[in-house]
Amino acid sequence: MRITFSVNGQRTEIEVESRLTLADCLRHRLGLTGTHVGCEHGVCGACTVIVDGKAVRACLLLAVQVDGAEVRTVEGLAEGEALGPLQRAFRKHHALQCGFCTPGMLMTAHALLQDEPDADEARIREVIAGNLCRCTGYLGIVRAVSEAREAYRKRDGEAPR
Amino acid sequence: MKLPQFEYAAPPTLEEAIALLAGSAGEARPIAGGQSLMPMLAFRVASPALLVDLRRIPNLANISISEAGTRLGAKVRWCDIDAHPQLRVAHPLLAAAVACVGHYQIRNKGTVGGSLAHADPAAELPAIAVTCDAQIVVAGSSGSRTIEAAHFFVGPMMTALAPDELIVELRLPPWPARRRWAFEEYARQRGAFALAGIALYYDELDGQAHDTHIGVLGASLRLHRIGEAEAVLNGRIVDARAIGAAVEAAMAAVDPVDELDVSADYRRALVGTLLARGLKASLSRSSNESD
């Protein structure tokens, strides 16, 4: 099937098999290997991307289902060559060790803070419960997301996109 | 695992979707949020020849609240229920149960219709449908029909849906403002499937419980109400003795399966504990005091 969608603001037209997941489409067909694939059945959250503004598991979505949609991946999170505020906070608070869960964590947290820049710690913990991290114990991640809230509270247009 | 091969269609109308289902001799499956079906494809538990995607079909994502009750379109997502300004008051039991469904990302995709059609006996929404005597409106080649929730779930992962039928709407009966209620479940991690859960409500007349509904999830192969425990409470003041008697009746009535990591005895004890907890919570809470 031929599908057209936008990835990090770039229009993409591609022919895909109907059984191809969005995660595999991003990695194998578009070379966007920042999106990681862990469990492939919707448990680990490593493949989280943002589709039409909502954080979703890219392994539980077919590529053909995003025809016409806007997809954001971790490759679209930096501000040019510089890290975005969430990424900077992750670095500062050692919110990653092996890094496997990090792209999913970042996209989940980015979607959360765009929708709810005032999310409290309980809400942050509730939301990242959908992303497994086996290194950090989550403390650094919670600290990083909490600190990044300030950058997302800025007026529309200035806040990270 | 990578998914098995299948054909894919995203028809623009309900009629076309039904025609596709009808024309594929039971080998087609509808997909909406896909949060249950996609893992089943990945495990190759399901391998349909055709997936009929409902994403283009209009008018299936409405939430309506009126004197007739609460109606949820099949494509209403968990996040839509969270975001709805009136549902917490109009149907607090529904809102409390749905708050326990899945993780953030799952909640952004998973739908009412998908959960009902998947019919997992540990899932929250099917349990609410059964507890509340809800009706499920379905549409198929020969028109539409309304199925009582008690007859819709016929077994674990099994429903009364014909291969050419699609869920259109869930209809929950009206909810009196002063009704007492509780939803309690126990899961090992937040967002995980519950090992057991209890949904309950009753109305009070002269301080006594009337029209008690108690539904159980996770603890049986089939979603069902616990009539024995309901009967104990009806016409009684809900006090410590009544709660004790209801718990005893419920534990005797449920029939959990023994599993490697969760014994039947443990699940039965959970049902008792959760029912006691829920009944106690219901005493200090009616709908207009919902938190």
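Residues numbered from 1 in each chain as written. Chains lettered and ligands numbered in written order. Predicted model: local features only at pLDDT ≥ 70, side-chain atom pairs only at ≥ 80, totals over all residues.

Moving on, we get to the overall build of chain B. Counting its regular elements, chain B contains 12 helices and 14 strands. Scaling as 2.2 N^0.38, a compact globule of 291 residues should have a C-alpha radius of gyration of about 19 Å, and chain B matches this with 19 Å. The principal-axis extent of the C-alpha atoms belonging to chain B is close to 60 × 45 × 35 Å. Buried positions account for 49% of the 291 residues belonging to chain B. Within chain B, contacts between residues separated by at least 24 positions form 63% of all contacts whose residues are at least 6 apart in sequence. (Helix = DSSP H or I, 4+ residues; strand = E, 2+ residues; numbered from the N terminus. Rg over C-alpha atoms; globule rule 2.2 N^0.38 Å. Buried ≥ 20, exposed ≤ 12 C-beta atoms within 10 Å, placed from the backbone. Contact = placed C-beta atoms within 7 Å.)

When its secondary structure is counted, chain A shows 5 helices and 5 strands. Reading chain A from its N terminus to its C terminus gives the helix and strand order β-β-α-β-β-β-α-α-α-α. The C-alpha radius of gyration of chain A comes to 15 Å, within 12% of the 15 Å expected for a compact globule of 161 residues. Its C-alpha atoms put chain A at 45 × 35 × 25 Å along the principal axes. Considering chain A as a whole, with its 161 residues, one finds that 44% of them fall into the buried category. Considering only intrachain contacts with a sequence separation of at least 6, the fraction spanning at least 24 residues in chain A is 59%.

Here we come to the pairing of strand β3 (residues 48-51) of chain A. Residue and element names in this part refer to chain A. Every second residue of β3 is oriented toward a common face, with Thr48 and Ile50 on one face and Val49 and Val51 on the other, all of them buried. Sheet topology places β3 next to strand β4 (residues 54-57); 4 bridges connect them, and they run antiparallel. Residue pairing in the sheet places Thr48 in a bridge with Arg57 of β4. The turn linking β3 back onto β4 is made up of 2 residues, and Asp52 within it adopts a positive phi angle of 45°. (Pairing = 2+ DSSP bridges.)

This next bit is on the environment of Ala99(B). Residue placement: Ala99(B) occurs in the loop between α5 (92-98) and α6 (104-107). A sequence separation of 17 residues divides Ala99(B) from Asp82(B), and the C-alpha atoms of the two residues are 7.4 Å apart.

Residue and element names in this part refer to chain A. Put simply, helix α3 (residues 102-115) and helix α5 (residues 139-153) touch, their axes get as near as 10 Å, and they point 40° apart. In terms of their interaxial angle, α3 and α5 are classed as oblique. Handedness of the crossing formed by α3 with α5: right-handed. Listed contacts from α5 to Met105, Ala109, Leu113 and Gln114 of α3 are Ile141, Val145, Ala148, Arg149 and Tyr152. Of the residues contributing to the contact of α3 with α5, the split by class is 7 nonpolar, 1 polar and 1 charged. (Axes fitted to C-alpha atoms, helices over the stretch in contact; angles between N-to-C directions. Parallel < 35°, antiparallel > 145°, perpendicular 65-115°, else oblique. Left-handed = near helix turned anticlockwise from the far one by under 90°. Nonpolar A, V, L, I, M, F, W, Y, C, P; charged D, E, K, R; others polar.)

Here the focus is the interface of chain B and chain A. The accessible area lost on association of the parts is a frequent measure of interface size. In this assembly, 23 residues from chain B lie in contact with 23 residues from chain A. Of all elements in the fold, only β1 (7-9), α2 (37-42) and α6 of chain B reach the threshold of two or more residues within the side of chain B that touches chain A. Its residues assigned to classes, the side of chain B that touches chain A comprises 11 nonpolar, 7 polar and 5 charged.

Now for the sheet that holds strand β1 (residues 2-7) of chain A. All names here are of chain A. In space, the 5 strands of this open sheet follow the order β2-β1-β5-β3-β4, with mixed pairing throughout. This sheet does not close on itself; its edge strands, each paired only once, are β2 (10-15) and β4. Pairs of neighbouring strands in the sheet enclose a mean axial angle of 40°, with direction left out of account. In the sheet, β3 pairs with strand β5 (residues 70-72) via 2 bridges, with the strands oriented antiparallel. Directly across from Val51, in β5, lies its bridge partner Val71. Set on the sheet, α3 makes contact with β3 and β4; between it and β3 the angle comes to about 35°.

By the secondary structure assignment, Pro156(B) is in the loop between β8 (153-155) and β9 (158-159). Residues in contact with Pro156(B), not counting those within four places in the same chain, are Pro121(B), Leu221(B) and Arg222(B).

On to the domain arrangement of chain A, then. All names here are of chain A. Taken domain by domain, chain A holds domain 1 (2-74) and domain 2 (85-153). Listed as interface residues are 13 residues of domain 1 and, on the opposing side, 12 residues of domain 2. Within the residue set of the side of domain 1 that touches domain 2, elements represented by two or more residues are β3 and β4. Of all the elements, β3 adds the most residues to the side of domain 1 that touches domain 2, at 3 residues. (Domains from an automatic or database assignment.)

Ranked by internal contacts, the top residues of the largest apolar core, which has 138 residues, are Ala97(B), Ala129(B), Ala246(B), Ala250(B), Val271(B) and Leu275(B). Among the elements that make up this core, the one with the highest residue count is α3(A) (7 residues). What Ala97(B) contacts, discounting residues up to four positions off in sequence, is Glu124(B), Leu125(B), Ala127(B), Ile128(B), Phe183(B) and Ala199(B). (Core = buried A, V, L, I, M, F, W, Y, C linked by C-beta atoms within 7 Å.)

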